[in-house]
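Architecture at a glance
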Protein chains: 2
Amino acid sequence: MIIREAIPGDEDAIMHLINELAIYEKAPEEVFATSTEIGASLFQENPVAFCHVAEVDGKVVGIALWFLNYSTWLGKPGLYLEDLFVLQEHRGKGYGMALLKKLAAIAIERDYERFQWWVLDWNQPSIDLYKQIGAEPMDEWTVFRLSGDALRKFAL
Amino acid sequence: MIIREAIPGDEDAIMHLINELAIYEKAPEEVFATSTEIGASLFQENPVAFCHVAEVDGKVVGIALWFLNYSTWLGKPGLYLEDLFVLQEHRGKGYGMALLKKLAAIAIERDYERFQWWVLDWNQPSIDLYKQIGAEPMDEWTVFRLSGDALRKFAL
């Protein structure tokens, strides 16, 4: 197994894992992205997102897709992990952990200071793992989202 | 009152409002940024963050500081509001709402689709406002953060 940066040509495999993650999160109907859009986002000149993959025998079996957020209190960017996913038949071998460690190393190397992500409250195996590696739940915060018709109506 | 994009020269005023926000959030000791760092982040060639300000009589009295996040399910960026703050003596006049509306308009114009932010669970006046404008609390998600010594230890 190797961990490497995603490169052009990986977009179909990445899209497949994004779809599998959506099935795991019980929301497959919420995926509208195409592999072309994902590739354009990752591989443009100033990428809006980044992706590392776990590869086994030439096949992408895991992804960590991330972007930079920003802390006004630190005055610098942080690393935000949007999607972490390993194909079911490749779980239990530490690939997810290896992807997390790679991103943690990038955060340290580039002085990002904070490494953050969300987790669904019912995803207890992941929550246990995150606590085990020293991550802290930010329980006092709630994310709000304005989208769709509500966003359009408010923007007027 | 006018809403406008922040420009070089605004960094001291922006830093002042970031510090006031930290006092409001009961964590003034967690601010380490300098106005120079904030200015560098906002006004570099490919900014990592963006800021709009509410200005009254030539003085910055409110800020909305934001960055782009990314949705793998939509295959496009979203607008994430990091800090929204209006100086106490200028509250109740709709400046915060005007800043929110400006960002919503940007989101629609640039096809960002989602406009998101966090709120502290005890900040009921803000929560009420956010629900009133049609934003939805993402209650089923918890943010995890790995930082400081835990991040360094894990990255090894």
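Think of each chain on its own: its residues are numbered from 1, step by step along the sequence as written. All chains are assigned letters beginning with A, and all ligands numbers beginning with 1, in the order in which they are written. Local features in a predicted model are, by the rule used here, given only for residues with pLDDT of at least 70; side-chain atom pairs are given and counted only at 80 or more, and totals for whole chains, interfaces and linings are based on all residues. Working from all heavy atoms in the structure, the side-chain values ignore hydrogens and water.

**Section: the packing of aromatic side chains**
In this analysis, rings of Phe, Tyr and Trp, with Trp reduced to its six-membered ring, are considered paired at centre separations within 6.5 Å, and the interplanar angle assigns stacked below 30 degrees, edge-to-face beyond 60, and tilted for intermediate values. Tallying each qualifying case throughout the model produces 17 aromatic pairs over all chains. Measuring from centroid to centroid gives 4.6 Å for F50(B) and W66(B), while their planes differ by 25°, and the two rings are stacked. Here F50(B) is found in strand β2 (residues 50-56), whereas its partner W66(B) is found in strand β3 (residues 59-71), with 16 residues between them in sequence. Relative accessible area decides the class of each residue, using a 1.4 Å probe on protein chains only: under 20% of the type maximum gives buried, over 50% gives exposed, and in between gives partly exposed. By relative accessible area, which is 25% here, F50(B) ends up partly exposed. Counting every residue linked through ring pairs, the aromatic cluster contains F115(A), W117(A), Y130(A) and F144(B). Only DSSP runs of H or I with at least four residues qualify as helices, and only runs of E with at least two residues qualify as strands; both kinds are numbered from the N terminus onward.

**Let's talk about the pairing of strand β5 (residues 114-120) of chain A**
Within β5(A), 7 of the 7 residues are buried, which leaves it mostly tucked inside the rest of the structure. Alternating positions in β5(A) separate into two faces, R114(A), Q116(A), W118(A) and L120(A) on one and F115(A), W117(A) and V119(A) on the other, with burial throughout. Two strands pair under a simple rule: DSSP has to find at least two bridges between them. Sheet topology places strand β4 (residues 76-86) of chain A next to β5(A); 3 bridges connect them, and they run parallel. Within β5(A), the position partnered with Y80(A) by the bridge is Q116(A). The β-α-β motif built from β4(A), the intervening helix α3 (residues 95-109) of chain A and the parallel element β5(A) has right-handed crossover chirality. Strand direction decides the pairing type here: β5(A) and strand β7 (residues 141-147) of chain B, joined by 7 bridges, are antiparallel. For a crossover, the right-handed case is the one in which the path from the first strand over the helix to the second runs clockwise, viewed with the strands pointing away from the viewer.

**As for the pattern of salt bridges**
All names here are of chain A. We count a salt bridge whenever a side-chain nitrogen from Lys or Arg sits within 4 Å of a carboxyl oxygen from Asp or Glu. Counted under the stated rule, the structure contains 10 salt bridges over all chains. Between R152 and D149 there is a salt bridge, with its nearest N and O atoms 3.7 Å apart. In this pair, R152 and D149 both sit in helix α5 (residues 148-155), 3 residues apart, roughly one turn of the helix. Here D149 falls in the exposed class, since its relative accessible area comes to 63%. Among the charged side chains, a network of salt bridges with common partners joins R4, D10 and E55.

**Observations concerning the interface of chain B and chain A**
Many structure descriptions define interface size as the accessible area lost when the parts assemble. Taken together, the contact pairs 68 residues of chain B with 68 residues of chain A. A simple way to read buried area is as the amount of 1.4 Å-probe accessible surface that goes missing from two parts once joined, with both sides added. Between chain B and chain A the total buried area reaches about 6,700 Å² when both faces are included, carbon and sulfur atoms providing 64% of it. Counting across the chain B and chain A interface gives 0 salt bridges. As used in this structure description, the phrase polar contact means that two N or O atoms lie within 3.5 Å; if the pair is within protein, one of them must be able to donate a hydrogen and the other to accept it, and residues adjacent in sequence are counted only when both atoms belong to side chains. Across the contact surface, chain B and chain A share 27 residue pairs in polar contact (both at pLDDT 80 or more). For the side of chain B that touches chain A, a count of residues per class yields 42 nonpolar, 11 polar and 15 charged. What makes two residues a contact is simply this: any of their non-hydrogen atoms within 4.5 Å. When residues are sorted by character, Ala, Val, Leu, Ile, Met, Phe, Trp, Tyr, Cys and Pro go into the nonpolar class, Asp, Glu, Lys and Arg into the charged class, and all the rest, Gly among them, into the polar class.

**Structural notes on the UniProt feature "domain: N-acetyltransferase" (unreviewed entry) in chain A**
UniProt positions are given in the numbering used here, feature names are shortened, and annotations may be inferred rather than shown by experiment. Under the UniProt annotation, "domain: N-acetyltransferase" (unreviewed entry) lies at residues 1-156 of chain A. As a span, residues 1-156 of chain A carries 35% helix and 33% strand, and end to end its C-alpha atoms are 51 Å apart.

**Comments concerning the relation of the copies chain B and chain A**
The fit set for superposing copies consists of C-alpha atoms from residues with pLDDT of at least 70 in both; the fit itself is least squares. After a rotation of 180° and a shift along the axis of 0.0 Å, chain B superposes on chain A with an RMSD of 0.0 Å. What we have between these two chains is a two-fold relation. Closest approach to the rotation axis among the C-alpha atoms of chain B is made by N69(B), whose C-alpha sits 3.4 Å away. A shared interface surface links the copies, since 100% of the contact residues of chain B are contact residues in chain A too.

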